Each structure stands twice: as C-alpha cells, then as structure tokens.
Amino acid sequence: MLSLLIFSPLLFGFIIAVMPSRLRTSFKYITLLATLLQLGLSIWIYLNFKTGAAFGGINHEAQFQFMQKLPWINLDLGTLGKMQVDYFVGIDGLSVTLLVMTSLVMVIAALASWEITSNLKGFFILFLILDMAVTGVFCSLDFFLFYIFYELMLLPLYFLIGMWGGARREYAAIKFFLYTLFGSVFMLLVMVGLYLSVTDPATGNHTFNMVQMMNPANYQHGSVFSVLSHQTIFGFSARSVGFVVLFIAFAIKVPVVPLHTWLPDAHVEAPTPVSIILAGILLKIGGYGIIRICLGIFPEVATMGAYWLGLLGVISILYGAMNALAQQDLKRMIAYSSVSHMGFVLLGIASQTTEGISGAVMQMVSHGFLSTMLFFLVGIIYNRVHDRSINNFKGLATIMPKYTLFVMIAFFASLGLPGFSAFIGEAFSLTGAFKSSSTNGLLPYWLSVCGSLGILLGAAYFLWTLQRMFFGEVNLKGGAVWQTALSDLNLREKLTLIPIAIMVLVLGLMPSLVFSKINDSVLALISYLQTK
Amino acid sequence: METNLITDTSTTNLTLLAVLLPLLAFVINFLLPKHQFKWAGLVATSAIFLSLIFSAIIFSRVWESSHILHQHLVWFTIGDTHVYAGLLLNNLSVLMLLLVNLIALPVHIYSIAYMKGDENYNRYFAYLSFFCFSMLALVVVDNLVLFYSFWELVGFSSYLLIGFWYKKEKAVKANKKAFIMNRIGDIGLLTAIIIIFTQFHTFDIEQLFSAKGLVVETILKNGLWGALPASYQYLACAGIFMAVFAKSAQFPLHTWLPDAMEGPTAVSALIHAATMVAAGVFLLGRVYSFFTPSELDILAIIGCFTSFMAATIALTQNDLKRILAYSTISQLGYMVMAMGVGAYSQSLFHLVTHAFFKCLLFLVAGMVIHQMQHLKEEQQLDTDPQNIQNMGGLGKQMPLLFLVAIIGGLALVGFPFTSGFLSKDSILVQTASWSWAKGGAFYLVPIVSVITTLLTAFYVTRLIVKVFLGKSKLGIDLANQHPAKINLAYSIPLVFLAACSLFLVFSLNPFSYLNSWVIKGFSLYPVGEGNIWLPIVISLLSTLFVVFAYLIYSRPNKNIIPQQGFFYKLSYHEWYFDLYYQKLIVTPILLLANGLFWFDRVIIDGFVNLLAKITITLSKVAAWTDRNIVDGFLNFIVALAEAIANFTRKFQGGKVQYYLFSMLVILLVLFILKTVF
C-alpha cells in the first residue's frame, strides 16, 4: 500500500515522459490526477490507521503499520560480513498525519502549477519525482532508503528553482543545493558509522534498520556509536558528535537560525508551486527527522542537549519574527514567518513532554497547510502584476474583496487565532515547554515565556501588512494598469483555497483529528525517551 | 454559591441555543447573496432576540436557586490529558449572559436604522453577530482553553468592527493597535493558563477556582506554591492582570480604547462600552480566588489610578466619542478597583448599571453625530461632526435625545434615583472601609476616587452643555433646520436603556444598594456595612461641580480655563502615552527588526557568501595551479620533446648536400677529437 503511495507519482511521471510534447496541455491534468490519486490513497490509509497502545510504533518494529520489508541489496563482502539493505517502509502515528498533509499540499501545488508556461514536460516530470521522494522520506524505516529519498529530493528541487524561478534563481538554487548537501554529506558518514555499529539480532549482519538502531542491545560492543562503550571522536563523545551532525543536517531543513539563510532566497526565487512544496513539506522533513532520527537513535544526547535545542527554537521564533517585521517583500516576509513558526516545532520537540511533541506535530501539520495557503496567495498577486513589494500596494480590499478574505483567513490563522490549527500547535508547544521545567527539568521556564512573545510579534507583522497592503484607499504603484490586472479570484483559485481554509479551520476546531492518531506514538516516544 | 451541581439537560440545551443562534446568524449573513442584503439586520436581530428570551429563562432557573450547572464532554486528548468542552453556569455567568443580550438587542435594533444604506450592511451584522456569539460563549464556557479562545475571538471581532470602514486610514490603524495591545494581554493570559495547567494539571474553571477548588487549597508560603516556587504564582497573577488591563483598558494598556472609537458608534456602544471591555472584570470575577491580598491591593491601586487619569483626560477632550471612551476607562477603573478592595458584588453591580447608561450615552452620541453630519453635508461645511466645539443647541431640536442624555449623564455622575448612584457609591463605601482597615497611604485610594467622581460630574456637565444647550457654534439657526427623524428603531432602544438607568430596575429603595437583587445574588461575598452619609455628601459635592461646570460652559464663547498650563496640556494630550509608546517601544522595536534584518543579510548570509567566495577563490587558485603548474609541466615536456624533435628532424631533410655536410662535420669533429686527445 505504501509502495503504491510512494511510487504512483513515478508512474505518472513516466507516462508524461513518453507522451509527445504536442499534448503538453494535458500534462497538468495528469499531474493533478496523480496527486489526487495519492491523496485518496493517503486518506484511505489515514482512515484505516489503527490506534491504541499496541500501535505506538517508534522503537517497536511490530507496532508499525502498513509495513513492507523486502531484502534489497545483499552483498557478500567476505570477511566484512554481509551488506544488508532492506526496502523497509512502514508508518506510525508520527508519519501518518504528515503523509496526509503532504498529499494534500501536493494537490495544491499541482493546482498552483497552472502558472508554469515554459518547458512543461520537464517541470511536471521533476515535480512528480519530487513528490515520490518526499513521500518516501516519511515512510522509510531503513536509514539507507531514507537517505536515498532524502537526497533524491534535492535534485528535482535544484532544477525546479534553477530553471523556473525568478530573477536570481541560479544563485538561490545553488545556495539551496549546497546548503542542504552540506548537511547531508555528513549525515552519510554518521549513517555508515551507525551501520557498522548495529547488527540485526536475527541475522547477525550489520543493518541500516532505524528501528533496530534505537535498541542499545543491538550495538556491537566497542563499536563507534555503542551506547555502552563511550567511544570518542576528536575528544568528543562519539554519540554526541553523531547527534550534532544529524541535527545540523535536519536543522538546515527546518530551518533553525542561524542555518536558515537559504530559505528566504529559495522561497523568493522559486515559482509558486515549488515555494509551496518547500515551505509546506520540506521544512517538515527537518522536524520529522529530528523526532524520528535524532531523538530516536540518540535519545540520551537529545536529553542532554535539550536546553540548546529549546534555546535555538526560541531564537528562531523571535529572530524570524523580527526579521519578518522588517521585510518589504511580501514573499520574504512570509518566508521569515516560516522560520518563526517552525521555531515552535523545535521548542516543542526539545521539551520532551507529551504536550510539547504533540504540539510540535500539530504545528507542523498546521504550518504545512498555512504556508501553502500563504505562498499560493502571494503567487496570485505576483502573477497578476509581477510585483509583491508591500509598499507598492494599498487598498487591495476594495478591488479584490474575495482575495482579501482569504488573506485575512490565512493571516489570522497564522498568527494563532483560536479556532484555527496554528493556535493549538503553538499553545501546546508552549505548554509543553513550560511544563518541562517542572516535570523533566530540561527547559527553564523563561524559554516558554520568551517564546510566547513570538505570538505577539506574529500579530504585529501580519496586521501591519494587512493595514499597509489591503486597507485604506486604493493606491497602486502601477496605477490603472494594475487595477485592471488585479482581478479577483477565479474559480480555480477559489477551489484551491477553500479546501485549505476548511482544513485549517477543521483542525482548529477538532484537533483530535491529529491528536487521536499521534497520541499513542507520542506516548511511546516519551516513555522511550524516559527509559533511554 | 454552594457546590450544588446539577445536570439539567434542558438548561444546557437552551444555553447552547442562546450561544449558537448568533453564530448561525453570522453564517447566514455571511452567505447572503448581494440583492438580499436588506434581510441581514432582521436575521441578526431576531437571532439576538431569541437568544435574549432563552437567556432570560436560563437566568430565572439559575439565579435564585444558587445552582451551578456544569456539563462537559471530551474535546480532545493530548497525551494523558483530556481537554474538555463544556458549560459552567453560575450566578456570575447567567448574569453576564442576560446582560450581554439585554444590551445587544437595543444595539441591534438601533443599528438597523443607523447603518441603513451602508454598502456593507450585511457584513456589519455578520460581524456583530459573530461578536455576540464570542461574548456569550466567553461567559458560559467551563475551562481555560475555551475561555482563552473566546477571549481572543472577542478581540478579533472587535478588530473587525473597529476597522469596519476599512478605507479610513485612521480606523485601520486603530484596529491594528487594538488587536496588538489586546495581544499583549492575551500572551499574559496564555502564560497564566500554562502555569495553572502545569501546577494543577487541569483547565477546568470549576475545579480550579470554586470555594473548595484546587487554587484555594494550595497555600502559598515559605517561597513555595504547592510544589512549585512562589514566583510561578506571581507570574501567573501578572499574566492575568495583563489580560485584564488590556481587555478592560486599564493603565498602562488603555490607549487602544479611545482610538477604537473609529468604529461605527453602535459598535462602540455595544463592544467598547458595555460588554467586551467588561470582559476583563468578568475574568477577575471568574478567577477571583486566585489572588493573594497583596495582589488585590495592587489591583485596587491601579484601578484607582486609571479611573483618575482617564477622568482628567476626559475634562479637555473635544471629540464627543473620545470623551465617552475616557469616561468608560474611568468607570472600568472603578470596577477593577472594587475587585481589588474586595467589593466583588459591588464591582459586578457597577458593571451591570454602567453597561446600560454608557450604552445609552453612546447611542445618543451616535444620533448627535448623525445630525452634525447631516448639517455638515447640507451646509457644505468643512467641520468635524464629532467635535463638541461645533455643537450646541441640539437640545431644543431633539428633546427626546436631550432627556435621555440627561438621564444617562446623571447616572454616570451617580445622582440619587439613578442606578449609578447605587452602584458607584456602593463601591466608594467599601473602598472607604477597606482603607480604614489598612490605614496609612491607603487612605489616598478613596480620596482619589471621590475626586474622580467630582471630575466626572464636571466633564459630563461640560459635555451636555456644549452639545445640547446654548446656540449652535456653526452659526446656523437650528430653528430653520429639520431635525433628524427619530423613528422607532431609534427611540425604543433609547427609552429602554434610559429606563434601565433608573434605580427601580435594581432596587426598590433608591438609597439602599444592599437591597439590590444583583448584590444579593452574590451573597457569598461580603458586602460590608451600608452607609448613607458618604453617598449623600458625595452627591452634594457633585451637584456643586455640576453647577460650577454649567456656569463655566453655558456662557457663550468664553474660555475661562486657561489653555496653556502644564496640566491642561497633559490632559489634552492624554498624558502623552501614545507619543511615548511610539518613541520608546514601537520605534525601537522597528529599529531592532531592521537591525536584525541587516544582521541576517550582512553577517549570517554574508558569512555564507564569504564561504562560497573563499571556496571559489581557492578553486580558482587550484585551477591556476592546474593550468600553469601541473599542466605547464606537462606542456613543458611536450614542448621540449618537440624542440628536440624539430632539431633532429632537420638531419633527415632528404637533401644530399646536408647529408654530405653533416658527414663532413662529424668526421671533422672526430678527427679533431682524435688529434687533441
């Protein structure tokens, strides 16, 4: 089932590849069909996902669902033993909500791709490859497989930004590519180290199985990352180095200040659908990786470093928000707001409390939808007049009332108005962070108090933008030409925006849609973290 | 209030209906097609009318019986914590439920006429219904998460309504300011809720704050608060105070309220005078058992200071609505102070009476502004229709308006036979006895409060005289003008509210607040001794001030009060709060934001780009080395080989002469060598 979910986009990509270019107008419909099919599949998976203490997942291989485990690469390396790489996919509560979110965001991104006019074949093939890769990342339980999907995302993204982007697209694309590669190359080293340290208890071979990496008993005595033998690298504890390296790799994705500067450039230069995928899904891979891999494989280091993670989270929240306040470019403002919102995710994760981690996952799902909506909205105005400088617009509410309505929904939902999903995510991330000081003592309480200032700043930059761009008398830089160009939403745009608006509202009113699925996994994770 | 829990399904259903009907009206009005806009007012008004009937039934069931109705079901589960959604009805919440509806209904009726012809007529009523929904839900919910949610939604609907005329730049700035200042309070409340949750592991208001609740049983001593350090309790208390000060416009978070007057006047009447701003006081009432005595003292002092400050500002303002806004802040200060001195029931009593007469005054102001606007358009004048310096003489033109304005004004001043007399003086009496018990500097609190009352008498008289008496300052003979028609949609709400500003509604005895049903409803909280002399003395003094103000302002075109002094300027510029907030807070934050952006661009990104540059330079060096050294060496060898080859090639040119010549040379060389060695 999961394999179908992962590889169906590839199939459609192949169909597009063999179709003649004169049918290019149909490509977008094929892509849309592919994403819709994927959405259907993921909803089916969501509905059939079983909950209960016996389905916690995390460090119990048997508790994962929709598992598929096939031997993939089995090389006999003589004296080095057998190289064992499995095609091993499966999901638990952490992945399932993110999977549904991913497939819905992909549908939106496909709809946003209507604006692409050049080289359609290439665009949609790359788009579908990317789709496959991100879905694969959320399902992989084998580190090698995870890594392959992880790297496979970069390639299509590089071309998608570099070829269909804005004026400084090449700079942005290469910056994004190198930044991310920098993280993942070192991840490769840790992965190999882990491989050499861990053996599969069943076969006695080294293995890339992530679930088995979570069990200290599976580490070979004296190996680099063994929990018991305290090896060192350059004088530092080997496991700490491993954790930090993996954390940096994922922190670049999240992005965590100060590793965030690829993000504003990449977002601003990328075409709308790619911005949507970047903000909606890619950032979540960072958060997901931190929970699944950093916390899962190096739990005791994560506990030791929790303070620093929380601090980085709060810095991201405040720094991102302050930068957003200073922006003149609408898209850049939203990009920085992403940095701020993802800071809550890190803060929640660092707290290692049920509230915090549930809040973090909720915030990821919520931000997935909201950033999609925000970037789609920016894309609409940019397509109409090819400008998105905040100061060049005034009084848009008068000429584009429906558009303004959706902007207000997106802005208020993002600034954490109760009734929308972001409120639940942020409030519980903060609750978890605060509770941490009195339960497990990982985070001091002022971190949470400082984090809540981010909510205040969020209101400031969103409302200021509303005031400057949308209210007041109409006054556009482009004068009457712009006024005619800035038509209100068309049917496709409405059809795109309404489902997301409903999603963020429904998740805000019924957060149990997410919490009921993730609860067992979060509880399992917490008890795992406590026992180490 | 004994913890006499009942689970009464029909009351629960009625409450749900009362709360959700305005929401339904909001949805209907929102989806109304364009040519059906005219129904919007009717939809919203009938929803609120039904809601009023239901809440009256609920009120009659709960109020006398002292029952507490508490029902909830699981909303969602996070980890092991169940978060519930439910209703909590006690005397406080049913009183608020009834009050909100009682104020909302006249405002809705008034609005049908007042907003007629506005192009966004349906949007107005949609927002108004949404506000009513949030406010009604706020007063009945049973846990802090939901309380916070509706607390923010109330602020949000206020944002929408302040900025209803979104083309007005001032209105848009005002609503942004209101929302952000309220947000400051919100994060305080959020922090407080998080702390309370961390301490007690529940969000349930009943479990936390009731007479035998968790809060009461957790004693604060030896620097510890239960298992947590005492500082948590102080922080939570500060958070709640912030929330109250923001929502109820208390110093230092009061500056949004005067600006909020940019919204439609009917909105100001409902939201920014009677209901939403009272939510802060309501919050205090909900969590009253949380505070320690010294924390309550702080509350009393801040409330007292705010009421005094706002009254001094109201003395010199010229904008009709701004005067009323400051007077609202001042009266809210009384309520907060009353909470601080332990006058729980008096505070809520004043909340109720104030809601009626302040709403009345705002609705009067709305009509006055309409009339001035009408005159302005007819005479093609360039004047501000809200400036009281341009008014005058409206009393003769609109006698009904004049009459109800006087009733409202007297109630605000606290004259005998009005409701204000009962409630305001009940607060003053308790404040006096509170300071008596404390002694020392605490005597200042009742003294300042009495001064505030006198200032109130002064500015109310100034307002009434300038607006209704004398001659029009516009130089128009009003006798020739048609007065604005006061139809039933205007007069019914005005007369109803005026009637509710009289003593009879609250107590049969005009001089004894102890007999008032509102006070009796909160009999759990001590009321203290009644005192008849203090109110009478204050009333006499107030009368003096009314006469004094009348004498000053009824003389045409004379400014007796110097307009240059420090105090005048301080008052006129509203104590310079906005100026200094802008200078000391807004500007530095923006500077910091820009500074951080510079840091981001130049330092962090600069570092990244520097790395890139270094890499590129290094690779250029490598490329140069590769080209010139590594490759150069190879090329050198190639060139050398080539040169040698070229040199030797010449020997095999195929020309006989060369062959002979070289042979000769070689022989010669050999010969020479042989002879020499």
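Treat the numbers as computed from the prediction; the structure is a model and nothing was measured.

A separate point is the overall build of chain B. If you tally the helices and strands in chain B, you get 25 helices and six strands. The globule rule puts the C-alpha radius of gyration for 677 residues at 26 Å, and the 38 Å found for chain B is more than 25% above it. Taking the principal axes of the C-alpha coordinates as reference, chain B spans close to 155 × 70 × 60 Å. A total of 677 residues make up chain B; the buried ones form 49% of that total. Here the analysis covers contacts within chain B between residues at least 6 apart in sequence; of these, 79% occur between residues at least 24 apart.

This part covers the overall build of chain A. Assigned secondary structure in chain A consists of 21 helices and four strands. Across its three principal directions, the C-alpha atoms of chain A cover 75 × 60 × 45 Å. Among the 532 residues that make up chain A, the fraction classed as buried is 61%. Considering only residue pairs separated by 6 or more positions, chain A has 78% of its internal contacts joining residues 24 or more positions apart.

The next thing to look at is the sheet that holds strand 4 (residues 220-221) of chain B. Residue and element names in this part refer to chain B. Strands sit in the order 4-5-6 across an open sheet of three strands; the sheet is antiparallel. The open sheet has two edge strands with one neighbour each: strand 4 and strand 6 (228-229). Inspection of the sheet shows strand 4 paired to strand 5 (residues 224-225) by two bridges, in the antiparallel sense. Each residue of the ladder has a partner; that of Leu220, found in strand 5, is Trp225.

To continue, consider the environment of Gly458(A). All names here are of chain A. As for its placement among the helices and strands, Gly458 is situated in helix 18 (residues 445-470). With 121 residues separating them in the primary sequence, Gly458 and Ser337 have C-alpha atoms 7.7 Å apart. Residues within four places of Gly458 in sequence aside, it is in contact with Ala321, Ser340, Ser414, Leu415 and Gly416.

A separate point is the packing of helix 12 (residues 306-325) of chain A against helix 13 (residues 330-351) of chain A. All names here are of chain A. Helix 13 packs onto helix 12 with a crossing angle of 160° between their chain directions and a minimal axis gap of 7 Å. It follows that helix 12 is roughly antiparallel to helix 13 by the angle criterion. When you trace helix 12 past helix 13, the crossing you get is left-handed. Its residues placed into classes, the contact of helix 12 with helix 13 shows 16 nonpolar, nine polar and no charged.

Let us now look at the interface of chain B and chain A. With 39 residues of chain B at the contact, the number on the chain A side is 44 residues. In terms of residue count, helix 6 (residues 169-200) of chain B provides more of the side of chain B that touches chain A than any other element does, 15 residues in total. Grouping the amino acids of the side of chain B that touches chain A by side-chain chemistry returns 23 nonpolar, seven polar and nine charged.

To continue, consider helix 18 (residues 419-438) of chain B. Here helix 18 of chain B is 20 residues long and its end C-alpha atoms lie 29 Å apart, about the 28 Å a rise of 1.5 Å per residue gives. Looking one or two places after helix 18 of chain B, you find Gly439(B), whose phi comes out positive at around 75°.

The next subject is the pairing of strand 2 (residues 68-78) of chain B. All names here are of chain B. Here nine bridges tie strand 2 to strand 3 (residues 81-89), and the two strands are oriented antiparallel to one another. Each residue of the ladder has a partner; that of His72, found in strand 3, is Gly86. Between strand 2 and strand 3, which pair antiparallel one after the other, the connecting turn spans two residues, and Gly79 there sits at a positive phi close to 65°.

Looking now at the pairing of strand 1 (residues 65-76) of chain A. Residues and elements named next belong to chain A. A small share of strand 1 lies buried, amounting to zero of its twelve residues. One ladder, built from nine bridges, connects strand 1 with strand 2 (residues 82-91); its direction is antiparallel. Within strand 2, the position partnered with Leu75 by the bridge is Met83.

Residues and elements named next belong to chain B. Within the largest apolar cluster, 423 residues are counted, with the highest numbers of intra-cluster contacts made by Leu136, Cys359 and Leu360. Examining the composition of this core, we find that 19 residues originate from one element, helix 15 (residues 344-379), more than from any other. Sequence-distant contacts of Leu360, that is, excluding residues within four places in its chain, are made with Val404, Gly408, Leu494, Leu497, Ala498 and Ser501.

Going from Val254(A) to Pro255(A), the amide bond is cis rather than trans, its omega being -10°. Within the element layout of this structure, Pro255(A) appears in the loop between helix 8 (238-253) and helix 9 (262-269). Look at the link from Val257(A) to Pro258(A): it is a cis peptide, with omega at 10°. Within the secondary structure, Pro258(A) is located in the loop between helix 8 and helix 9. A positive phi angle, close to 50°, is found at Ala249(B), a residue other than glycine. Within the secondary structure layout, Ala249(B) lies in the loop between helix 9 (230-247) and helix 10 (256-259).

What follows covers helix 6 of chain B. Residue and element names in this part refer to chain B. Compared with an ideal rise of 1.5 Å per residue, which puts 32 residues at 46 Å, helix 6 spans 46 Å between its outermost C-alpha atoms and is within 8% of the ideal. Extensive coverage of helix 6 is indicated by the burial of 27 of its 32 residues. A positive backbone phi angle near 60° is found at His201, which sits one or two residues after helix 6.

Take the environment of Trp63(B) next. Residue and element names in this part refer to chain B. As for its placement among the helices and strands, Trp63 is situated in the loop between helix 2 (40-62) and strand 2. For Trp63, a count of 19 C-beta atoms within 10 Å gives the class partly exposed. Trp63 sits 30 residues away from Ser93 along the chain, and the two C-alpha atoms are 9.7 Å apart. Residues within four places of Trp63 in sequence aside, it is in contact with Asn91, Val94 and Gly521.

Let us now look at the confidence of the model for chain B. Per-chain confidence: chain B averages 85 in pLDDT, with 96% of residues scoring 70 or above. Quick note on the complex model: pTM equals 0.89, ipTM equals 0.89.

When two helices pack together, you describe them by how their axes are tilted relative to each other and by the distance separating the axes. All names here are of chain A. At a closest axis distance of 11 Å, the pairing of helix 13 and helix 18 adopts a crossing angle of 160°. Between helix 13 and helix 18, the interaxial angle falls into the category roughly antiparallel. For the element pair helix 13 and helix 18, the recorded crossing hand is left-handed. Note on element contacts: helix 18 touches helix 13 through Leu447, Gly451, Gly454, Gly458, Tyr461 and Thr465, opposite Met333, Ser337, Ser340, Gly343, Phe344 and Leu347.

Moving on to the environment of Tyr445(A). Residue and element names in this part refer to chain A. Examined against the element boundaries, Tyr445 turns out to sit in helix 18. The spatial distance from the C-alpha of Tyr445 to the C-alpha of Leu430 is 9.8 Å, given a sequence separation of 15 residues. Ignoring any residue separated from it by four or fewer positions in sequence, one finds Tyr445 in contact with Phe434 and Ser437.

Rules of the game
- Residues numbered from 1 in each chain as written.
- Chains lettered and ligands numbered in written order.
- Predicted model: local features only at pLDDT ≥ 70, side-chain atom pairs only at ≥ 80, totals over all residues.
- Helix = DSSP H or I, 4+ residues; strand = E, 2+ residues; numbered from the N terminus.
- Rg over C-alpha atoms; globule rule 2.2 N^0.38 Å.
- Buried ≥ 20, exposed ≤ 12 C-beta atoms within 10 Å, placed from the backbone.
- Contact = placed C-beta atoms within 7 Å.
- Pairing = 2+ DSSP bridges.
- Axes fitted to C-alpha atoms, helices over the stretch in contact; angles between N-to-C directions.
- Parallel < 35°, antiparallel > 145°, perpendicular 65-115°, else oblique.
- Left-handed = near helix turned anticlockwise from the far one by under 90°.
- Nonpolar A, V, L, I, M, F, W, Y, C, P; charged D, E, K, R; others polar.
- Expected span 1.5 Å × (residues − 1).
- Core = buried A, V, L, I, M, F, W, Y, C linked by C-beta atoms within 7 Å.
- pLDDT = per-residue confidence, 0-100.

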